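# Structure assessment
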Amino acid sequence: QVQFVESGGGLVQPGGSLRLSCAPYGFGSGILPTGWYRQAPGKQRELVARIGSTDSTYYDTSVEGRFTISRDNDKHTVFLQMNSLKPEDTAVYYCNDFVNTRPWGQGTQVTVSS
């Protein structure tokens, strides 16, 4: 029933910034523990950040200090602020409930290139 729709990706130069949004649909109330994942070409999907139902956060070492995950005031939309982007951050970014995985959406493409 719950679907996550990602947006905000694009093409950015190294050192630039992007903010991704994750909007849940088919969700009436409550707070979903939400993770941001990415999948680079030829690689497995990996968790890069998550925010729990109590607002605890986790970051993969590769992005800690550069990325920030947050939740908006209505407790639904989850954001991923990405700063100091590197070419290695290039991937399709997805969001999902990290406790109860839902069907994966299309993701949003982030390309970091000069």
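Scroll up to find the structure.
Structure report, in brief. (Residues numbered from 1 in each chain as written. Predicted model: local features only at pLDDT ≥ 70, side-chain atom pairs only at ≥ 80, totals over all residues. Heavy atoms only, no water.)

So, about the pattern of salt bridges. Within this structure, the stated rule accounts for five salt bridges. Of the charged contacts in the structure, one is a salt bridge between R38 and E46, with a shortest N-O distance of 3.0 Å. With a relative accessible area of 5%, R38 lands in the buried category. Residues D97 and R102 are paired through a salt bridge, measuring 3.1 Å at the closest nitrogen-oxygen approach. Take D97 and R102: they sit in the same class, and that class is buried. (Salt bridge = Lys/Arg side-chain N within 4 Å of Asp/Glu carboxyl O. Buried < 20%, exposed > 50% of the residue type's maximum accessible area, 1.4 Å probe, protein only.)

This part is about the sheet that holds strand β2 (residues 10-12). Each strand in a sheet pairs with another by means of backbone hydrogen bonds, the pair being arranged parallel or else antiparallel. Spatially, six strands are ordered β2-β10-β9-β4-β5-β6 in an open sheet, and the strand pairing comes out mixed. The open sheet terminates on both sides in strands that have one partner only, identified here as β2 and β6 (57-59). When the angles between neighbouring strand axes are averaged without regard to direction, this sheet yields 25°. Sheet topology note: the strand β4 (residues 34-39)/strand β9 (residues 91-97) ladder contains six bridges and is antiparallel. When the sheet's bridge partners are listed, R38 is paired in β9 with Y93. (Pairing = 2+ DSSP bridges. Helix = DSSP H or I, 4+ residues; strand = E, 2+ residues; numbered from the N terminus. Axes fitted to C-alpha atoms, helices over the stretch in contact; angles between N-to-C directions.)

Okay, the environment of G26 next. Its place among the elements puts G26 in the loop between β3 (18-25) and β4. Judged by relative accessible area, G26 falls into the partly exposed class, the value being 40%. Here the alpha-carbon distance between G26 and V2, two residues 24 residues apart in the chain, equals 4.8 Å.

It is worth spelling out the sheet that holds strand β8 (residues 78-82) at this point. In space, the four strands of this open sheet follow the order β1-β3-β8-β7, with antiparallel pairing throughout. A single partner strand is all that each edge strand has here, and the edge strands are β1 (3-7) and β7 (67-71). Between one strand axis and the next, the sheet turns through 20° on average, direction left out of account. Strand direction decides the pairing type here: β7 and β8, joined by five bridges, are antiparallel. Looking across to β8, one finds that I69 is bridged to L80.

Turning next to the environment of S62. Here S62 lies in the loop between β6 and β7. Engagement of the side chain of S62 in a polar contact is seen with the side chain of D60, the distance being 2.6 Å. (Polar contact = N/O pair within 3.5 Å; in protein donor to acceptor, adjacent residues only side chain to side chain.)

The subject of this paragraph is the state of the cysteines. Tallied over the entire structure, the rule returns one disulfide. Through a disulfide, C22 is tied to C95; the S-S separation comes to 2.1 Å. When the S-S torsion is 85°, as for the bridge of C22 with C95, the disulfide is right-handed. On the criterion of sequence distance, the pair formed by C22 in strand β3 and C95 in strand β9 is long-range, its members being 73 residues apart. Assessed through its relative accessible area of 0%, C22 is described here as buried. (Disulfide = S-S within 2.5 Å.)

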